[in-house]
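Take a look at the letters that make up each chain.
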Amino acid sequence: MNEDEGRAVVHEVIRVHTDPGDIDATGWNTLLEGQASPTPFLRHEYLMAMHRSASASPATGWTPSFITIERTGRLVAACALYLKAHSYGEYVFDWAWADAYERHGLAYYPKLLGAVPFTPVPGSRLLAQDEAARGLLVRAITALAQQAGLSSAHLLFFDEADRAALSSAGWLLREGVQFHWTAPAGEPWPDFEGFLGSLQRDKRKKILQERRKVAEAGVTFTVHEGPAIDDDLWDFFHRCYTLTYRAHHSRPYLTRAFFAEMARHMPAHWLLFVAWRGEGAARERIGASLIALDPARGAAYGRYWGATAYVPCLHFEACYYQPLAWCIANGYRRFEGGAQGEHKMARGLLPVRTFSAHWLADRRFASAVADFLEQEGAGIGAYVDELKERNPFRPASS
């Protein structure tokens, strides 16, 4: 018997799934938990809720094309992918690239996108058992785009392990900036007042002024965790959420059915702050902010908010100060404030780099985009350096 005859043959099967429900939920979630940066937003239940609720579906321009790789019948790699008919709900902007394609008589859409719909939260995107499987997954994504004759493929908001694999495969890397709050590495703040005391005087004064305006308007808050968010609260929250989009003359991405799925399948991952105004029989709900939680990793994510009445500074209180106070009181280590928003720095959230990766089929456009990203990256670097000079916290010695 020769050496090859004595060695077990390993077969890897690559599949593309147009229905995420065809993928074993336990296998997917187990693979996710083994990554360096798992988040609740890539759990099978979360992605299925997007699909079942018709929030991310072919009708809304999101056609699932998930890739899985099995090795001897076992799931070893997977990626949530969509054929996109537009660039809405991504938070990494490529509209100018699409315009350039159109001006040259080429079709930019559909494109292939690896992302969590409407959710700009950094984390693992290439779910892989090992680096060999991660590399094979990147090649499978590229091959899918090539075989389908697509203009491009994109992965958004991934972690360092994904970044290394995509860079090695020759994908173009793009940087962005978000603002995150992180508890001190040593002794944590004992309470929200302790956190305020760590800020520069002008930042602390501004926050106190903003909180005072809300209190003087007669606004108080109730906090509802997990299963305590009943249907009535979900209904009120969704009304507020819808009003936020209406105020910006747009339609909300997420349907009420999506939040019903979350209440049914992932209740422990949600925290709701409800703003009330008035007293006694005249007391009424006027706003709500919904925070996503990752209890296992002590991370919270500012997601959605809205109000039925205008109160100065209510947005800051509902979306930053109430959640930060809760995080400190409950020992959470990180609060992510969502996409963009330099104003978050004055409230204790610091700049964090984010990454996306891009593969373009047309070499001419790929070269032009590479030049653009090089210039943009230099600007991002200078911007982050400038932001760091405006650190809102007092020096450690003061």
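Residues numbered from 1 in each chain as written. Predicted model: local features only at pLDDT ≥ 70, side-chain atom pairs only at ≥ 80, totals over all residues. Heavy atoms only, no water.

Each disulfide consists of one covalent bond between the sulfur atoms belonging to two cysteines. As enumerated under the stated definition, the model contains 0 disulfides in all. No disulfide involves cysteine 240; its nearest neighbouring cysteine sulfur is the one of cysteine 319, lying 11 Å away. For cysteine 240, a relative accessible area of 0% translates into the label buried. The structure places no disulfide on cysteine 327, whose sulfur is separated from the nearest cysteine sulfur, that of cysteine 319, by 13 Å. Of the residues examined, cysteine 327 reaches a relative accessible area of 1% and is grouped as buried. (Disulfide = S-S within 2.5 Å. Buried < 20%, exposed > 50% of the residue type's maximum accessible area, 1.4 Å probe, protein only.)

A few words on the nonpolar core. A general feature of soluble globular proteins is that nonpolar side chains tend to end up buried together. If you look at the biggest cluster of nonpolar residues, it comprises 49 residues, and the most contacted ones within it are Trp28, Tyr46, Phe237, Phe259, Trp270 and Tyr304. Those elements that provide at least two residues to this core are helix 2 (25–33), helix 3 (44–52), strand 4 (74–79), helix 9 (231–247), helix 10 (256–265), strand 11 (270–277), strand 12 (284–294) and strand 13 (299–307). For this core, the element with the most residues is helix 9, which contributes 7 residues. Among residues more than four places away in sequence, those in contact with phenylalanine 237 are Phe259, Leu272, Ala288, Leu290 and Tyr304. Core analysis: the second largest hydrophobic core is formed by 41 residues, Val219, Phe273, Leu293 and Phe335 among them. (Core = buried A, V, L, I, M, F, W, Y, C linked by side-chain atoms within 4.5 Å. Helix = DSSP H or I, 4+ residues; strand = E, 2+ residues; numbered from the N terminus. Contact = heavy atoms within 4.5 Å.)

In this section: the sheet that holds strand 7 (residues 127–128). Strands pair in a sheet through their backbones, by hydrogen bonds, and they do so in one of two ways: parallel or antiparallel. The strand order across the open sheet formed by 4 strands is 1-3-4-7, and the pairing between neighbours is antiparallel. The open sheet has two edge strands, strand 1 (12–17) and strand 7, and neither has a second partner. The pairing of strand 4 with strand 7 spans 2 bridges and is classified as antiparallel. Bridge pairing links alanine 78 to leucine 127 in strand 7. Across the sheet, helix 5 (residues 131–147) touches strand 1, strand 3 (66–71), strand 4 and strand 7, and the angle it forms with strand 3 is around 135°. (Pairing = 2+ DSSP bridges. Axes fitted to C-alpha atoms, helices over the stretch in contact; angles between N-to-C directions.)

On to a nonpolar patch on the surface. On the surface, Tyr88, Phe93 and Trp95 cluster together to form a nonpolar patch covering roughly 330 Å² of accessible area. The residue tyrosine 88 is located in the loop between strand 5 (81–84) and helix 4 (95–103) in this model. (Patch = residues over 30% accessible without salt bridge, like charges linked within 9 Å, V, L, I, M, F, W, Y side chains within 5 Å. Areas by Shrake-Rupley, 256 points an atom, 1.4 Å probe, with all protein chains shown as cover. Salt bridge = Lys/Arg side-chain N within 4 Å of Asp/Glu carboxyl O.)

Another aspect to go through is the layout of surface pockets. Considered as a void within the structure, the largest pocket measures approximately 1,000 Å³ in volume. If you go around the largest pocket, you meet 40 residues; those closest to its centre are Thr244, His248, Arg303, Trp305 and His315. Elements that contribute at least two residues to the lining of the largest pocket include exactly helix 9, strand 12, strand 13, helix 11 (314–329) and strand 14 (334–339). Its residues assigned to classes, the lining of the largest pocket comprises 24 nonpolar, 13 polar and 3 charged. (1 Å grid on protein atoms, 1.4 Å probe; cavity = no way out; pocket = protein on both sides within 12 Å on 5 of 7 lines; lining within 4 Å. Points joined across faces, edges and corners; volume = space filled by probe spheres on them. Nonpolar A, V, L, I, M, F, W, Y, C, P; charged D, E, K, R; others polar.)

The next point concerns the side chain of glutamate 90. Here glutamate 90 lies in the loop between strand 5 and helix 4. Overall, glutamate 90 belongs to the buried group, its relative accessible area being 4%. Here the side chain of glutamate 90 touches lysine 84 through a polar contact of 2.5 Å, side chain to side chain. With residues near it in sequence (within four places) discarded, glutamate 90 still touches Trp62, Lys84, Lys111, Leu113, Leu156 and Phe157. (Polar contact = N/O pair within 3.5 Å; in protein donor to acceptor, adjacent residues only side chain to side chain.)

Before going further, it helps to spend a moment on the packing of aromatic side chains. Aromatic ring pairs are reported here in terms of the distance separating the ring centres and the angle at which the planes meet. Scanning all chains against the criterion turns up 31 aromatic pairs. Arranged with centres 5.5 Å apart and planes meeting at 55°, the rings of phenylalanine 192 and phenylalanine 195 form a pair that is tilted. Of the two residues, phenylalanine 192 and phenylalanine 195 are both situated in helix 7 (residues 192–197); the distance of 3 residues between them amounts to about one turn of the helix. Here phenylalanine 192 matches phenylalanine 195 in class, with each residue buried. Considering the side-chain rings of phenylalanine 237 and tyrosine 241, the 5.9 Å spacing of their centres and the 20° angle between planes classify their relative orientation as stacked. Residue phenylalanine 237 and its partner tyrosine 241 are located together in helix 9, separated by 4 residues, close to a single helical turn. Judged on exposure class, the residue phenylalanine 237 and its partner tyrosine 241 are both buried. (Phe/Tyr/Trp six-rings, centres within 6.5 Å; stacked < 30°, edge-to-face > 60°.)

Ordered in space as 2-5-6-8-15-9-14-13-12-11-10, the 11 strands form an open sheet in which the pairing is mixed. Of all strands in the sheet, those with a lone pairing partner are strand 2 (62–64) and strand 10 (219–225), marking the two edges. Strand-to-strand twist of the sheet, defined as the mean angle between neighbouring strand axes without regard to direction, takes the value 30°. As defined by bridge partners, strand 8 (residues 152–156) adjoins strand 15 (residues 350–360) across 5 bridges and the pair is classed as antiparallel. What sits directly across from histidine 154, in strand 15, is histidine 358. Helix-sheet contacts for helix 9 involve strand 10, strand 11, strand 12 and strand 13, and the interaxial angle to strand 12 is about 95°.

Turning to the pattern of salt bridges, a few remarks are in order. Proximity of charged atoms lets side chains of opposite charge pair with each other. Considering all chains together, one arrives at 27 salt bridges under this definition. The partner of aspartate 202 in a salt bridge is lysine 203, and the shortest N-O contact between them spans 3.1 Å. Among the salt bridges present, the one from glutamate 210 reaches lysine 206, with a minimum N-O distance of 3.7 Å. Of the two residues, glutamate 210 and lysine 206 both sit in helix 8 (residues 201–216), 4 residues apart, roughly one turn of that helix. The exposure class of lysine 206 is partly exposed, given its relative accessible area of 39%.

Everything listed here is a matter of geometry and, on its own, says nothing about what the molecule does.
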